[in-house]
Amino acid sequence: MNTDVAQEVFFLSQTGVGIMGNSRLNMLYLSSLLLGSKPKPTDLVIIHLALVHTTMLLARWITRTAGILGLRLLQTSAECKSFAYVYRITRGLSFCTTSFLSMLQAITISPITSYLFQLKAQIKNFILSVLAILWIPNLLISTNLLYQVVASHNATSTESNCYAVPIRTLLQGLILIPMALCGILSQGLMSCSSGYVVVLLHRHKHQVQYFHSISQAPKTSPERRATEIILLLVRCFVVFYCGDFFLSLFLEISMKNNATLLNISMFVVSGYATVSSFAHL
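Residues numbered from 1 in each chain as written. Predicted model: local features only at pLDDT ≥ 70, side-chain atom pairs only at ≥ 80, totals over all residues. Heavy atoms only, no water.

(A) Fine view of the overall build of the protein chain. From N to C terminus, the protein chain includes nine helices and two strands. Going residue by residue from the N terminus, the α and β elements of the protein chain occur as α-α-α-α-α-α-β-β-α-α-α. For the protein chain, the accessible area works out to roughly 15600 Å², and carbon and sulfur atoms hold 70% of it. (Helix = DSSP H or I, 4+ residues; strand = E, 2+ residues; numbered from the N terminus. Areas by Shrake-Rupley, 256 points an atom, 1.4 Å probe, with all protein chains shown as cover.)

Printed below as a string of structure tokens:
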């Protein structure tokens, strides 16, 4: 019992910090837009990412808090399906939006000699369309939860009465393959675009040092800080995403409602949502 309480307290603390970080991020960017500042191409994507993270973290925080207080918010199968569906969608959108943000950063800082520079002037007109398109695969991939998740009045979980019903192997494979492809594509695009940005910033740093002596150069250049932030996000993305992907894959294949693995998976996803919010502040 002490271990369960410690896990709940730790999870709620982590989720609470993530909610505050993403809420603050939203307020900063939205207030800037409302005050008439000209938004950068990445601003809308960061706002979308922060809203997705806030929704995902808030949903988990409310249900876990209710469970600790002895309340059962998810009583029916319809409520369980809705909650699991929203959580799966926001989790997928978190990784997809991060990959798109990384690609957008690469396009934004690309030099005039790069082929990506041609997209720089046009990308502003397609940001909202791309964000809308990102919802489509996540909505489709998560549809299995609408019939697979049901409520059980005999559940002992402190969070809800929900559990997943086993499905046929063929149908399970049809679900896992698109999930794996989306994950591999997101991680590949994130790694390539982030590596491209780091290379460009590294070249720019050497060009600046060529015109200014090393003694006159600032100890912490903007290029170095930007590179460190990008590398931090890449590391977090790879570590948290790989952990979540393999845990989710194992849970889907085994079809076991393992409370410990589910808690670890939620901790991993919440960890990325928390860290990324403070990296963008």
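And the narrative resumes.
(B) Local environment of helix α5 (residues 127-141). Here α5 is 15 residues long and its end C-alpha atoms lie 22 Å apart, about the 21 Å a rise of 1.5 Å per residue gives. Here α5 has its buried residues at Ile127, Leu131, Leu134, Asn138 and Ile141. In a view along the axis of α5, the buried residues occupy a sector of 80°, so they form one face of it. Summarising the geometry of α5, the exposed residues directed more than 90 degrees from the buried face are Leu128, Ile133 and Leu140. (Expected span 1.5 Å × (residues − 1). Buried < 20%, exposed > 50% of the residue type's maximum accessible area, 1.4 Å probe, protein only. Arc of directions from axis to C-beta.)

(C) How the structure looks around the packing of aromatic side chains. Enumeration according to the criterion identifies three aromatic pairs in this entry. Consider the rings of Phe10 and Phe267, whose centres lie 5.5 Å apart with planes at 40°: the pair is tilted. Remark: Phe267 occurs in helix α9 (residues 259-279) and Phe10 occurs in helix α1 (residues 2-34); sequence separation between them is 257 residues. Summarising the aromatic geometry, the rings of Phe83 and Tyr87 are spaced 6.4 Å apart at their centres and angled 15° between planes, so their arrangement reads as stacked. Taken together, the residues span about one helical turn, with Phe83 and Tyr87 both in helix α3 (residues 77-108) at a distance of four residues. One exposure class covers both Phe83 and Tyr87, and it is buried. Sitting over the face of the ring of Tyr87, Arg60 holds its NZ or CZ atom 4.0 Å from the ring centroid. (Phe/Tyr/Trp six-rings, centres within 6.5 Å; stacked < 30°, edge-to-face > 60°. Lys NZ or Arg CZ within 6 Å of the ring centre and 35° of its normal.)

(D) Quick peek at the nonpolar core. Val45, Phe100, Ile127, Leu131 and Leu134 are the most contacted members of the largest nonpolar core, which totals 19 residues. For this core, the secondary-structure elements that each account for two or more residues are α1, α2 (41-68), α3 and α5. Of the residues forming this core, the biggest block, seven residues, is contributed by α3. Beyond its immediate chain neighbours, meaning those up to four positions away, Leu131 contacts Leu44, Val45, His48, Thr97 and Phe100. (Core = buried A, V, L, I, M, F, W, Y, C linked by side-chain atoms within 4.5 Å. Contact = heavy atoms within 4.5 Å.)

(E) Structural context of the UniProt feature "transmembrane region" (unreviewed entry) in the protein chain. As recorded in UniProt, the feature "transmembrane region" (unreviewed entry) lies at residues 44-63, 126-150, 170-201, 229-253 and 259-279. Within residues 126-150, the helical portion is 76% and the strand portion 8%, while the C-alpha atoms at the span's ends are 39 Å from each other. End-to-end, the C-alpha atoms of residues 170-201 are 47 Å apart, and along that stretch the chain is 100% helix and 0% strand. (UniProt positions renumbered as here; feature names shortened; annotations may be inferred.)

(F) Molecular detail of the packing of α2 against α3. Axis separation between α2 and α3 bottoms out at 9 Å; the angle between their running directions is 155°. Looking at the two axes, α2 sits roughly antiparallel to α3. Taken as a pair, α2 and α3 cross one another with a handedness that is left-handed. (Axes fitted to C-alpha atoms, helices over the stretch in contact; angles between N-to-C directions. Parallel < 35°, antiparallel > 145°, perpendicular 65-115°, else oblique. Left-handed = near helix turned anticlockwise from the far one by under 90°.)

(G) Representation of the environment of Ile127 in the model. You can see Ile127 is positioned in helix α5. Assessed through its relative accessible area of 2%, Ile127 is described here as buried. In sequence terms Ile127 and Val45 are 82 residues apart; their C-alpha atoms lie 7.6 Å from each other. In contact with Ile127, other than residues within four places in its own chain, are Pro41, Leu44, Val45, Phe100 and Leu104.

(H) Geometry of the packing of α3 against α5. Two numbers describe how α3 lies on α5: the axes approach to 9 Å, and their chain directions differ by 140°. α5 is crossed by α3, and the crossing has right-handed handedness. For the pair formed by α3 and α5, the contact residues are Tyr85, Arg88, Ile89, Gly92, Leu93, Cys96, Thr97, Phe100 and Leu104 on the first element and Ile127, Val130, Leu131, Leu134, Trp135, Asn138, Leu139 and Ile141 on the second. Looking at side-chain class alone, the contact of α3 with α5 contains 13 nonpolar, three polar and one charged residues. (Nonpolar A, V, L, I, M, F, W, Y, C, P; charged D, E, K, R; others polar.)

(I) Expanded view of the confidence of the model for the protein chain. With 82% of its residues at a pLDDT of 70 or more, the protein chain has an overall mean of 78. Mean pLDDT in the protein chain bottoms out at helix α8 (residues 222-254), which sits at 70, and peaks at α5, which reaches 92. (pLDDT = per-residue confidence, 0-100.)

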